[in-house]
Amino acid sequence: MYRTAAGDEIFVIDGHTHFWDGSPANQKNIHGKQFIDCFYAYHANLSPPSEKWEKEKFEKYDAKTMFDDLFVSGYDDMAILQPTYLTDFYKNGFNTTERNAAMKKSHPDRFILNGAFDPRDGSKGLEDLHALAEKYKLQGVKLYTAEWRGESKGYKLSDKDSYKYIEAAQKLGIKNIHVHKGPTIIPLNRDAFDVADIDDVATSFQDLNFIVEHCGLPRLDDFCWIATQETNVYAGIAVALPFIHSRPGYFAHVMSELLFWLGPDKILYGSDYGIWTPKWLIDKFMAFEIPEDLTKETGSVLTLENKTKILGLNAARLYGIDVEAQKKKIRAGGGYAHLSQPVPA
Amino acid sequence: MSGRIISSLPGDHRQAEHWQVDTRQADVWASLRRVMDPELDESVVDLNFVTRAEVDGSNHVHIEFRLPTYWCAANFSFLMADDMRRAVGTLDWVTGVSVVLGEHMYADTINAGLARGLSFQETFGGEADGDLEELRRTFLVKAFQRRQVALLNHLTGTGHSPQTLTALTLFELRGLPVDDEGGRLRQRYLERRDVVAAARDEMPAFVDAAGLPLSAERFTAYVSGLRRVCVNAEFNGALCRGLLSVRFDLETPFVPKARASA
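The shown structure was predicted, so the numbers you read here are calculated from the model rather than taken from an experiment.

(A) Fine view of the overall build of chain B. In terms of helices and strands, chain B carries 11 helices and 5 strands. For chain B, the residues scored as buried account for 50% of the 262 residues in total. Considering only intrachain contacts with a sequence separation of at least 6, the fraction spanning at least 24 residues in chain B is 64%. Carbon and sulfur atoms provide 52% of the accessible area of chain B, an area that totals close to 12900 Å².

So this is what it looks like as structure tokens:
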């Protein structure tokens, strides 16, 4: 919960969090080491110096640390757990649905648990998806179209096999398809950043929502064009958001483009925890305004109303969260106790 | 970097030899400076990607480079290596060029392909579908657009009207009196002008990505339409530079929070 100086309460749903184990003990090979090292480089490069973690903490943090960072020192009310399996790099996987499920089980009112699938897993994968969706009552999945698997160097959502999976997901009650279209994770021959496949499936599956994580960066220009033509395409701003600290000018440009092309109802906040933490991101976001010259050009303004939508209301709509009822539940569970305490000096 | 030691070397013969190596090395760096990261449209030298460029006694050039992440797209990585090999290979005294990529997920595959002079397609075999020419062209067009909008913004900012600019031929653009910054931006633009259309003297200076001349009426809308291409590219450039500097400690070493506050 974020409270403005005027006393407005903003309900925050973090659209992008992970509970990972990237520790050396879990690394299967050099790729596992390089993967977490690369995440750490994002963290170290884009965090304010005071928010940098030791490498060891970054490789593997415990459940309590995560809870505190999100909900106690951070302003999140709820968080969506997005899995990243990477079983080729990590012995027990990096951040599987099963691992995330332990967090969800301890704090059912705080977490939304998402699953994953990979259309290259054939009929066995379809069975697994079925089991996963029933076991955890999934409303959403996170997909990595750029992930390499054996001889395959990625897939497109418009592939025939992808359609089978999306149809199955839809039947299982999954409504929200989060797709990683962001900075590189091992793409080769297929241009995995390409957002054209989103256009295809968004048209074919009008009842599903497609959340393009990292808003298509590094293909923001192509993404905006597609998103504006489809009513069910959303932008997740994880990875774009931390630029608010190191490159506020670029962040302003990205936000003004997203507001211009997609509008305030189709942008979702995400911290990408543990790469970055909600506290500083939201402090800076709430204080942020799009510079006048950009507003003049695009008409985009980050009003309090727009910020409220981006930080929580849009995700609440996609995941069927009744904000007032949810606040009551969290308050009853003592979740806001820290807010009434005096601010530590 | 080298060569300032000449005065301490004994004998004219040795001096001449070193001077030669020195200019050859400078030639190599100058050639590499013209090789761009296709996505960022910035020089691989300015981006700090090239870690080594040496000429041996038989005029063979050995180049080593690294990238911001272990995962940088293999196709872009290959493209840059190939461009470096071609650029340095055009120097008339060069007898051979070897290019080696370090610390990359596909370093071994890429390096083996490069060493044998294979294409990207040949290097990756069945895993790659299609050569790199289409990809190369896509990014040359984006570079053309960025360079064009930078020049147009500069020229309109220094008082040239859309009417004047859209009426210019290439010959007239080359002769247009501009300040230093304008000259630099013009040079960069002209280097990519032929990506989209023929670039003879009498042709329009400013055309769109399809090669059609810009009109004064749609000038403002056209320029603001290119905005996204530039925002996106600047974002990528900032990200890549930052990741490289963390990965290879190009900046002040990181002081852990606990120690910093102690």
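What follows continues from the structure just given.
(B) Local environment of unusual backbone geometry. A:Tyr273 connects to A:Gly274 through a cis peptide bond whose omega is -5°. Tracing the backbone shows A:Gly274 in the loop between strand 10 (267-268) and helix 11 (278-287). A positive phi is found at A:Lys137, a non-glycine position, where the angle reads about 50°. Considering the arrangement of structural elements, one finds A:Lys137 in the loop between helix 5 (122-136) and strand 6 (140-143). A relative accessible area of 67% means that A:Lys137 is categorised as exposed. If you check the backbone angles, B:Asp41 has positive phi at about 55° while not being a glycine.

(C) Geometry of the sheet that holds strand 4 (residues 78-81) of chain A. All names here are of chain A. A sheet is described by the order of its strands in space; here 3 strands give the open sequence 3-4-5, paired in parallel fashion. Whereas interior strands pair on both sides, the edge strands pair on one side only; in this sheet they are strand 3 (13-17) and strand 5 (111-113). Averaged over all pairs of adjacent strands, the angle between their axes in this sheet comes to 25°, without regard to strand direction. One ladder, built from 3 bridges, connects strand 3 with strand 4; its direction is parallel. By the bridge assignment for strand 4, Asp14 is matched with Ala79.

(D) Looking closely at the pairing of strand 3 (residues 50-55) of chain B. Residues and elements named next belong to chain B. Sheet topology note: the strand 3/strand 4 (residues 60-65) ladder contains 5 bridges and is antiparallel. Among the inter-strand pairings, Val55 is bridged to a residue of strand 4, identified as Val61. Where strand 3 folds back on strand 4, the antiparallel hairpin that results is connected by 4 residues, among which Asn59 adopts a positive phi of roughly 65°.

(E) Structural view of the layout of surface pockets. Residues and elements named next belong to chain B. Considered as a void within the structure, the largest pocket measures approximately 1200 Å³ in volume. If you go around the largest pocket, you meet 45 residues; those closest to its centre are Asp41, Glu42, Ala143, Arg147 and Arg188. Looking at the lining of the largest pocket, the element that brings in the most residues is helix 5 (residues 133-157), giving 9 residues. Each residue belonging to the lining of the largest pocket can be placed in one class, and the counts come to 18 nonpolar, 6 polar and 21 charged. Here the lining of the largest pocket gathers at least three residues from each of two domains, domain 1 (11-131) and domain 2 (134-225).

(F) Quick peek at the confidence of the model for chain B. All names here are of chain B. Mean pLDDT over chain B works out to 85, with 85% of the residues at or above the 70 mark. Low pLDDT (under 50) marks residues 1-10, which in the prediction has 9 contacts with non-local residues, meaning those over four places away or in another chain. In the model, residues 252-262 has pLDDT below 50 throughout and makes 8 contacts with residues more than four positions away in sequence or in other chains.

(G) Looking closely at the environment of B:Leu67. All names here are of chain B. Assignment of secondary structure puts Leu67 in the loop between strand 4 and helix 2 (74-89). Since its relative accessible area comes to 3%, Leu67 is described here as buried. Distance from Leu67 to Leu243, taken between C-alpha atoms, is 9.1 Å for residues 176 residues apart in sequence. In contact with Leu67, other than residues within four places in its own chain, are Phe49, Cys72, Ser77, Met80, Leu101, His104, Leu244, Arg247 and Phe248.

(H) Spatial organisation of the packing of helix 11 of chain A against helix 13 (residues 304-318) of chain A. All names here are of chain A. Contact pair helix 11 / helix 13: the axes reach a minimum separation of 10 Å and the direction vectors enclose 155°. In this view, helix 11 runs roughly antiparallel relative to helix 13, as classed from their interaxial angle. Contacts between helix 11 and helix 13 involve Ile282, Phe285, Met286 and Ala287 on the former and, on the latter, Leu304, Lys307, Ile310 and Leu311. For the contact of helix 11 with helix 13, the per-class residue count stands at 7 nonpolar, no polar and 1 charged.

(I) Examining helix 10 (residues 227-247) of chain B more closely. The end-to-end C-alpha separation of helix 10 of chain B is 30 Å, in line with the 30 Å expected for 21 residues at 1.5 Å each. Judged by how many residues are buried, helix 10 of chain B sits mostly within the fold: 17 of 21 residues are covered.

(J) Region of interest: helix 13 of chain A. Residue and element names in this part refer to chain A. Between the first and last C-alpha of helix 13 there are 20 Å, a value that for 15 residues agrees with the 21 Å anticipated at 1.5 Å per step. Its axis deflected by about 55° at Ile310, helix 13 carries its strongest bend there. In terms of burial, helix 13 is largely enclosed, as 11 of its 15 residues are buried. Those residues of helix 13 that sit buried are Asn306, Lys307, Thr308, Lys309, Ile310, Leu311, Gly312, Asn314, Ala315, Ala316 and Leu318. Of the residues flanking the end of helix 13, it is Gly320, one or two places downstream, whose phi is positive at about 60°.

Conventions and cut-offs
Residues numbered from 1 in each chain as written. Chains lettered and ligands numbered in written order. Predicted model: local features only at pLDDT ≥ 70, side-chain atom pairs only at ≥ 80, totals over all residues. Heavy atoms only, no water. Helix = DSSP H or I, 4+ residues; strand = E, 2+ residues; numbered from the N terminus. Buried < 20%, exposed > 50% of the residue type's maximum accessible area, 1.4 Å probe, protein only. Contact = heavy atoms within 4.5 Å. Areas by Shrake-Rupley, 256 points an atom, 1.4 Å probe, with all protein chains shown as cover. Pairing = 2+ DSSP bridges. Axes fitted to C-alpha atoms, helices over the stretch in contact; angles between N-to-C directions. 1 Å grid on protein atoms, 1.4 Å probe; cavity = no way out; pocket = protein on both sides within 12 Å on 5 of 7 lines; lining within 4 Å. Points joined across faces, edges and corners; volume = space filled by probe spheres on them. Nonpolar A, V, L, I, M, F, W, Y, C, P; charged D, E, K, R; others polar. Domains from an automatic or database assignment. pLDDT = per-residue confidence, 0-100. Parallel < 35°, antiparallel > 145°, perpendicular 65-115°, else oblique. Expected span 1.5 Å × (residues − 1). Bend = angle between axes of the 7 residues up to and from the residue.

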